[in-house]
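One letter stands for each residue in the lines below.
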Amino acid sequence: MATHRDIALLLAEAADEVEIGIAPYQAVVRGGRRRKARRWTIAAAAALVIAGSTGTLALAGGLDGDGGRVAPMATQPPTAEDRHVYEPQGTTVARGTDHGKVWQVSIDVWGAPKNEAEAQYQRTLMGEYGAAPVGVRKASELIGKGWVFVRLDVGDDRPTTVVQGPVEKGDSLSGTDILTYSMPLESGDSDKVGAPHRLVIGKVAPTAEQVTCTWDDGTTTKVMRAAPGTGLTSDFEDLIRPVDGSQPDWFVCLGPEGKSSQSVKVTK
């Protein structure tokens, strides 16, 4: 009969023969870069969490402390609820007060349905949230895609979805990559003709430490990475913040009264 020491030596030898490869991350990132510009031109935010699986060696049966046989631990796949298919992950990215009105930018990230039943139910629940994926004609088109909705609330006005779009494999940002959308600080009619586009909403790589917003009068606003806990109890803006369910981090930059965005760049 094999002793505990004999079994340990056999397992060690088996582990030495196992090679765990790495995911083709660079290829995934490059593929995302080829697609993202087209999506942003239609004011669609393409954000993705690349979820890597953890390599785990599970024994088909081991021994407990008394030498008895124990059943292997089963790994259950995440449910639709775990994947946030039926309820989005929500994050407030910025909040402030302008001319006595409280404004807020928040982001909802819905998980990707795996089949038509999940997609049908997700689409119904999206409707209850007041969210309608642009360009989606039937629920099956949601399969395999997450969805991002960026919402602006100003005072007592009707909340407005100002940016939205799908989340697909390969959609990620790195280095100085940046995608932005500028608009007036008004909800309900965010594309009012002639109104200055002084509100910039954008996303950057998780490694970005500073974004510089330049306005049409030549002045600039530096957007820095938020310290942990920033904005939980007070107004906060001009900060880079992580968003639940999103690989890129997001930021909001507010310009001076009457000024419009001229350019936005990652500067650190």
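What you see is a predicted model, and the numbers here were worked out from it, not measured in a lab. (Residues numbered from 1 in each chain as written. Predicted model: local features only at pLDDT ≥ 70, side-chain atom pairs only at ≥ 80, totals over all residues. Heavy atoms only, no water.)

## With respect to the environment of asparagine 115
Structurally, asparagine 115 is set in the loop between strand S4 (101-110) and helix H3 (116-128). For asparagine 115, a relative accessible area of 35% gives the class partly exposed. Taking the C-alpha atoms as reference points, asparagine 115 and leucine 142, 27 residues apart in sequence, are found 8.9 Å from one another. Separated by 3.2 Å, the side chain of asparagine 115 and the backbone nitrogen of alanine 117 make a polar contact. (Helix = DSSP H or I, 4+ residues; strand = E, 2+ residues; numbered from the N terminus. Buried < 20%, exposed > 50% of the residue type's maximum accessible area, 1.4 Å probe, protein only. Polar contact = N/O pair within 3.5 Å; in protein donor to acceptor, adjacent residues only side chain to side chain.)

## Examining the sheet that holds strand S5 (residues 146-154)
Within a sheet, adjacent strands bond to each other through the backbone by hydrogen bonds, running parallel or antiparallel. The strand order S3-S4-S5-S6 describes an open sheet built from four strands, whose pairing is antiparallel. Each having just a single partner strand, strand S3 (89-98) and strand S6 (160-167) make up the two edges of the open sheet. Strand-to-strand twist across the sheet, computed as the mean angle between neighbouring axes with direction ignored, equals 10°. With seven bridges connecting them, S5 and S6 associate as antiparallel partners. Counterpart to valine 148 in the pairing with S6 is glycine 165. (Pairing = 2+ DSSP bridges. Axes fitted to C-alpha atoms, helices over the stretch in contact; angles between N-to-C directions.)

## Digging into the environment of tyrosine 181
Counting through the fold element by element, tyrosine 181 comes out in strand S7 (residues 178-183). In this structure the C-alpha to C-alpha distance between tyrosine 181 and glycine 202, which are 21 residues apart in sequence, comes to 6.1 Å.

## Some details on the pairing of S3
Across nine bridges, S3 lies against S4 in antiparallel orientation. Paired with glycine 96 across the two strands is tryptophan 103, which belongs to S4.

## Looking at the confidence of the model for the protein chain
Do not read the predicted coordinates in detail wherever pLDDT is low. Considering every residue of the protein chain, the mean pLDDT works out to 75; 68% of them sit at 70 or more. Across the protein chain, strand S9 (residues 210-215) holds the top mean pLDDT of 96, while strand S1 (residues 62-63) sits lowest at 33. Under a pLDDT of 50 for its full length, residues 2-70 has, in the predicted model, 87 contacts with residues more than four places off or in other chains. (pLDDT = per-residue confidence, 0-100. Contact = heavy atoms within 4.5 Å.)

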